[in-house]
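Here's the letter readout for the chains.
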Amino acid sequence: MKFPACLAVAAVVAATGLGAAPPAPPADSATFKAGVELVRLDVQVTDASGRPIRDLRQDEVQVLEGGHRRPVLFFQHVTPPAEPYIEAARQTIGSEVSTNQGAPRGHLYVLVFDQDHITPGREQKVRQVADRFLRTRLQPGDRVAIYGIPGPGPSLNFTGDVALAEHALGSVRGGLDRVGVGGLGSMGIDEAYEIVRGNELVLQRVVAGLSQASGSHDALADVPHQGGDDPSTFRRLVQEEARTLVGQADQRSRAFLATFSDLIGRLRAIEGRKTVFLFSEGFYPDHLSRSLEQVAAAAARSYSVVYAMDLNSRSVDPTRATPRGGDQQTEIQNRISPLSSLALATDGRLVNDAAAWLDRSMNAIASASEDYYLVGFEPSSAARHDRDGYHAVAVKVTRPGARVSTRTGYALPPPATPADRRQAIDMAIAAPFPEQAIPIDYTTYQLRASSADQTLIVLSVAADLPVASDAGRTADVVFVVRRASDGKVVANGTDRIPLPTAAASGSTTGVGTYRVQFEMTPGDYLMRVIIREPGGLVGSADRRFTVRQIGGPGVSAGDLLLGASRSGQLPARIRAYQGDLLVGTVPLYARVAQQLQNASVSFTLTPLGHSSTSTITMSGHAGAVQNATSGPERDAEVEFPLSGTPPGSYLAKAVIHAGGETVGEIERQITVLAGTAPAARTADASGSATPSPGDHEAADVLQGQIAQTFVTDLELRTPQGSPAAQAAALAARQDWSGAEKLLAAAPQMKTGDSASLLALRGLVHLARHDYAGASNALRQAFTVDQKDARLAFLLGWADMGAGDTRRAIGDWRNAALLDPSLVPAHLALADAYLSLANRALAMQALEAGLRSVPQSPELLAKLTAIEEKQ
């Protein structure tokens, strides 16, 4: 099958965004680099009428810590789907391009019952309201967790099973006692706090009440008399009793807050904003400032927003011997004060007297807009040295009239460990819905496989990622494919994506892309792709797709492959500029060559949403029938000049005809952007950026992924802090002049030098086009380390640059023998043979590569091009 230039396989490391043409860069934009520990705040921004502002720019947001601005490195607008859940899922999961932006993710509700601070019997109404909330408000994709603190009580982790959640509610209990009993009699807990605070009037009243109830002599009967019947002794004992009751109440409150902090802290492993309903009658804040701060810190780490539901009754308590009047209101205000503080710190709110309108309050909170911005910044050095502390920040928006709502500070988690990386990926695989911290787009292409009962799937992924740095040059990528019928895993893979080397214009991040191919049997499947960058951010996106049967007794077709003529990739989302030439190819397959002789394809390009533009119709050009290893095939190609085409979305359709009948229709969407494309660097999926001999300088190979990963490995092999290690770090950033200066300070090359140092010297020579020097150093390195295919591959380019084609052929043969899957080595060999006018050996080199990588589009395209010229 012949692949046009636009369809050459690529893992592009491009400084472009996933959206349309990038905006102008903000004046004070910073770059989000790999390895930076990022603090994220979810910030809601509304206008004077309370409506979300949806077009906020990054340069309009300021983060202040200790009065100093922190550079905003991460800025993402999170919007709820505008459509119902099913429609949103169709557009983001079941569409041609799957994405996690705007994907339905549902709500994460956490119901926490402060059982020691709920009056017995009062929990019954709360259970009923919570039960109604579950039955009426929980939507597909929503999850709820239910906890009663302290136990015994419910302890249900996130679930979408309403019946299970309802059952958990049945074990909620109330255990609040507002009166404490001591050796002197009964005393209200609120009175005990007032006495400890020094409220003389309350002390006098309690002393008088206890004296009248029992008589001072009876009350002191079992107490050692200090001063006989002196009233001051009784007064002192009442104060001591009050302190004891306060200590006991504080202990219960601290125990609740410690458990609550631990509980919501564990939710950090689950990505997404959590809505926490805290049901409580409150507690006294006098000695709890540290405990409250720890809860706020845990909520900040886990992106939890606390909505405190005040369950206090404002009616007169008939069990009280005397009317309380203003004392009751004072007690309530004291108790709900810490609830208000928690809600404020986490960007939630306190619902006063919630017991009176609990249904309405919970529904209003659930209906609140989920439109917010994720604002990320690097923590201060003070915060990094005090990871347990809660660090206050303020967020300001410079747009006039904008109102900002966010949490009051942040806290850092413990330092990351290697186990955190695997745990984060495992959690993302198991999560109930996609994670949106890293924007991801991906699609699949379907072609004929090597066996008749399989279909070749090409997965193409693009993600917004931080810029490569010394702290990290790759991101983790994992994909899992499950059969839709039973959830069985049928395909999966783990790999790494090279991080972009520069940020996009107007952005703090760039885009990295990834592509892999595998074979599957026809059927319906669910796929999840997960990406984790070195600093710990995770994104994931889901896809539902059907694998077609390609092959059979008649004519069949692979997918419509589209791209701009300047492009070098199978893109996740197809975009082209008005200055581009849009190229399309449909591969046609059959059992016998004769079936393809009369097969044809017609192409149309139809505007979507702008009816004033006419549909473009063109006939495809059918290439020669080729006899591939899996059977006869023939490509139909078309070219659409986009000059004069209005910007917008279009539907490209290919209609396949054979034997006088329409045998298939294939569609792909494309976005046409205004103007001409900006320059972008690319490197092919195998990593070569393969310059053909005679077409480019041999030094261009240093821009490719093979050279980049080789240099990264050299950095890891050399002693930390040595000139060689520092030089490798500079080389990884393409700073070859800086690397050369450092190596000049290292000992001169001599027998016995390490392969790493020799290789670095050789690459420096290669970067400044000193090909003879590069060949000499790299050959010495290969003499020391004869097992590295990448080293042999780079040595070949040094020899080619020096004009020694036959020596380069030997180097590339070594590379292909050491790693038969190294596609660029086979391609380089073929081009070298062609430069010597030896077409037969060029074809042999490509066929040898295809035996190791049977479905390599690059090798197939190259082989087809040679065959057509015969």
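Residues numbered from 1 in each chain as written. Predicted model: local features only at pLDDT ≥ 70, side-chain atom pairs only at ≥ 80, totals over all residues. Heavy atoms only, no water.

1. With respect to helix H20 (residues 805-818)
The first and last C-alpha atoms of H20 sit 20 Å apart over 14 residues, in line with the 20 Å expected at 1.5 Å per residue. Inspection of H20 places Thr 805, Ala 808, Ile 809, Asp 811, Trp 812, Ala 815 and Ala 816 among the buried residues, and these make up the whole buried set. On an axial view of H20, the arc spanned by its buried residues comes to 165°, and they lie on one face. The exposed set on the far side of H20, more than 90 degrees from its buried face, consists of Arg 806 and Leu 817. (Helix = DSSP H or I, 4+ residues; strand = E, 2+ residues; numbered from the N terminus. Expected span 1.5 Å × (residues − 1). Buried < 20%, exposed > 50% of the residue type's maximum accessible area, 1.4 Å probe, protein only. Arc of directions from axis to C-beta.)

2. Observations regarding the side chain of Gln 436
Following the sequence through the fold, Gln 436 ends up in the loop between helix H12 (418-430) and strand S20 (440-448). With relative accessibility at 9%, the residue Gln 436 sits in the buried group. Once residues within four sequence positions are removed from consideration, Gln 436 is found in contact with Gln 76, Val 78, Asn 100, Gln 101, Gly 102, Ala 103 and Arg 105. (Contact = heavy atoms within 4.5 Å.)

3. Describing helix H10 (residues 358-367)
All of the buried residues in H10 are Leu 358, Ser 361, Met 362, Ile 365 and Ala 366. Viewed along the axis of H10, the buried residues span an arc of 130°, placing them on a single side of the element. Where H10 is buried, its residues meet strand S7 (108-114), helix H2 (123-137), strand S12 (274-280), strand S13 (304-310) and strand S14 (349-351).

4. Brief notes about the sheet that holds strand S22 (residues 474-483)
Strand order in the open sheet formed by 4 strands is S23-S22-S25-S26, with antiparallel pairing between adjacent strands. The open sheet terminates on both sides in strands that have one partner only, identified here as strand S23 (489-498) and strand S26 (538-547). Neighbour-to-neighbour, the strand axes of the sheet open up by a mean angle of 15°, direction not taken into account. Sheet analysis places S22 next to strand S25 (residues 523-532), joined by 8 bridges and oriented antiparallel. (Pairing = 2+ DSSP bridges. Axes fitted to C-alpha atoms, helices over the stretch in contact; angles between N-to-C directions.)

5. Digging into the confidence of the model for the protein
Per-residue confidence for the protein gives a mean pLDDT of 83, with 87% of residues at or over 70. The low-confidence segment residues 680-696, where pLDDT is below 50, has 53 contacts with residues more than four positions distant or belonging to other chains. (pLDDT = per-residue confidence, 0-100.)

6. Quick notes on the sheet that holds strand S2 (residues 39-46)
Strand order in the open sheet made by the 4 strands is S5-S15-S2-S18, with antiparallel pairing throughout. Every interior strand has two partners, whereas the edge strands, strand S5 (72-78) and strand S18 (403-405), have only one. Sheet twist, expressed as the average angle between the axes of neighbouring strands with direction ignored, equals 30°.

7. Things to note about unusual backbone geometry
In this structure, Pro 150 follows Ile 149 across a cis peptide bond, with omega equal to -10°. Relative to the helices and strands, Pro 150 resides in the loop between strand S8 (143-149) and strand S9 (155-159). Between Gly 151 and the following residue, Pro 152, the backbone shows a cis peptide bond with an omega angle of 0°. Summarising the element assignment, Pro 152 is placed in the loop between S8 and S9. A positive phi angle, near 65°, is found at His 769, a position not held by glycine. On the secondary structure map, His 769 appears in the loop between helix H17 (755-767) and helix H18 (771-784). Look at His 769 and you get partly exposed, because its relative accessible area is 39%.

8. Remarks on the environment of Pro 571
Within the secondary structure, Pro 571 is located in the loop between strand S28 (561-564) and strand S29 (575-577). When the C-alpha atoms of Pro 571 and Arg 515 are compared, they prove to be 9.0 Å apart, with 56 residues separating the residues in sequence. Excluding its chain neighbours within four sequence positions, the residues that come into contact with Pro 571 are Thr 443, Tyr 445, Ser 460 and Leu 562.

9. Remarks on the pairing of strand S35 (residues 631-641)
With 8 of 11 residues buried, S35 is to be regarded as a mostly interior element. Pairing geometry for strand S30 (residues 581-589) and S35, over 9 bridges, is antiparallel. Looking at the pairing, Val 586 lines up with Ala 636 of S35. Where strand S33 (residues 621-622) and S35 come together, 2 bridges link them in antiparallel fashion. Looking at the pairing, His 621 lines up with Glu 637 of S35. As paired strands, strand S34 (residues 626-628) and S35 are joined by 3 bridges and run antiparallel to one another. Bridge pairing in S35 links Ala 628 to Gly 631. Where S34 folds back on S35, the antiparallel hairpin that results is connected by 2 residues.

10. Comments concerning the packing of aromatic side chains
Counted by the stated rule, this structure contains 15 aromatic pairs. Ring centres of Phe 277 and Tyr 307 lie 6.4 Å apart, and the angle between their planes is 40°; on these two criteria the pair is classed as tilted. With Phe 277 in strand S12 and Tyr 307 in strand S13, this residue pair connects regions lying 30 residues apart in the sequence. Among the residues examined, Tyr 307 registers a relative accessible area of 12% and is labelled buried. For the cation-ring pair, Arg 668 lies above Tyr 445, with the distance from its terminal atom to the ring centre recorded as 4.2 Å. (Phe/Tyr/Trp six-rings, centres within 6.5 Å; stacked < 30°, edge-to-face > 60°. Lys NZ or Arg CZ within 6 Å of the ring centre and 35° of its normal.)

11. Regarding the pairing of strand S11 (residues 185-188)
Across 4 bridges, the pairing between strand S10 (residues 179-182) and S11 is antiparallel. Bridging across to S11, Val 181 finds its partner in Ser 186. Joining the antiparallel neighbours S10 and S11 is a turn of 2 residues.

12. Some points on the environment of Val 179
Looking at the secondary structure, you find Val 179 in strand S10. It is 9.4 Å that separates the C-alpha atoms of Val 179 and Ala 192, two residues lying 13 residues apart in sequence. The contact partners of Val 179, leaving out residues within four places of it in the chain, are Ser 186, Met 187, Gly 188 and Ile 189.

13. Side note on the packing of helix H19 (residues 789-801) against helix H21 (residues 823-835)
Viewed as axis vectors pointing N to C, H19 and H21 meet at an angle of 25°, and their least axial separation amounts to 10 Å. By the criterion of interaxial angle, the relationship of H19 to H21 is roughly parallel. With respect to the hand of their crossing, H19 and H21 are arranged in left-handed fashion. Contacts between H19 and H21 involve Phe 793, Trp 797 and Met 800 from the first element and Pro 824, Ala 825, Ala 828 and Ala 832 from the second. Partitioning the contact of H19 with H21 into residue classes produces 7 nonpolar, no polar and no charged. (Parallel < 35°, antiparallel > 145°, perpendicular 65-115°, else oblique. Left-handed = near helix turned anticlockwise from the far one by under 90°. Nonpolar A, V, L, I, M, F, W, Y, C, P; charged D, E, K, R; others polar.)

14. Comments concerning the pattern of salt bridges
Per the stated rule, a full pass over the model turns up 44 salt bridges. A salt bridge links Arg 178 to Glu 331; the nearest nitrogen and oxygen atoms lie 2.7 Å apart. Highlighted residues: Arg 178 in the loop between helix H3 (162-169) and S10 and Glu 331 in helix H9 (residues 326-345), separated in sequence by 153 residues. Just as Arg 178 is buried, Glu 331 falls in that class too. Ionic contacts of the salt-bridge type, sharing partners, join the residues Asp 55, Arg 57, Asp 59, Glu 60 and Arg 399 into one network. (Salt bridge = Lys/Arg side-chain N within 4 Å of Asp/Glu carboxyl O.)

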